[in-house]
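Structure at a glance
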Amino acid sequence: MTQAEDPTGGVYFEFTPVGVSVKVCAIDAATGTEVSVIGPARASQADLQQLALRKLRARLKAGR
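Residues numbered from 1 in each chain as written. Predicted model: local features only at pLDDT ≥ 70, side-chain atom pairs only at ≥ 80, totals over all residues. Heavy atoms only, no water.

1. What about the environment of threonine 16?
This is how it is decided: Secondary structure elements are taken from DSSP: a helix is a run of H or I of four residues or more, a strand is a run of E of two residues or more, and numbering for both begins at the N terminus. By definition, residues are in contact when any of their heavy atoms lie within 4.5 Å.
Here threonine 16 is to be found in strand S2 (residues 11-18). Residues threonine 16 and alanine 41, 25 residues apart in the sequence, show an inter-C-alpha distance of 9.7 Å. Aside from chain neighbours lying at most four places away, what touches threonine 16 is Ser21, Val22 and Lys23.

Laid out in structure tokens, this is it:
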């Protein structure tokens, strides 16, 4: 699991290989809110992380 700096207090990322894909979970450190995305294993880690982060931010915004 890796942690990225985020103005909301931090986001944890977990990468899990699933066959030819990878599941990326993004967890908001402040609220415990978690989202996941699945992408091709050949995609860059940074691209998958950004996708998961955008989904997490959308979820947090919708919950306000």
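We are not done yet, so read on.
2. Details of helix H1 (residues 45-62)
Applicable threshold: Take the number of residues in a helix, subtract one, and multiply by 1.5 Å to get its expected span. Buried, partly exposed and exposed residues are distinguished by accessible area as a fraction of the type maximum, computed with a 1.4 Å probe on protein chains only: under 20%, between the cut-offs, and over 50%, respectively. Each direction from the helix axis to a C-beta atom contributes to the arc, which is the arc of those directions.
Its 18 residues give H1 an end-to-end C-alpha distance of 26 Å, which sits within 8% of 26 Å, the value for a rise of 1.5 Å per residue. Residues of H1 that are buried: Leu48, Gln49, Ala52, Leu53 and Leu56. In an axial view of H1, the angular spread of the buried residues amounts to 135°, which keeps them on one side of the axis. Exposed residues pointing more than 90 degrees away from the buried face of H1 are listed as Asp47, Arg54, Lys61 and Ala62.

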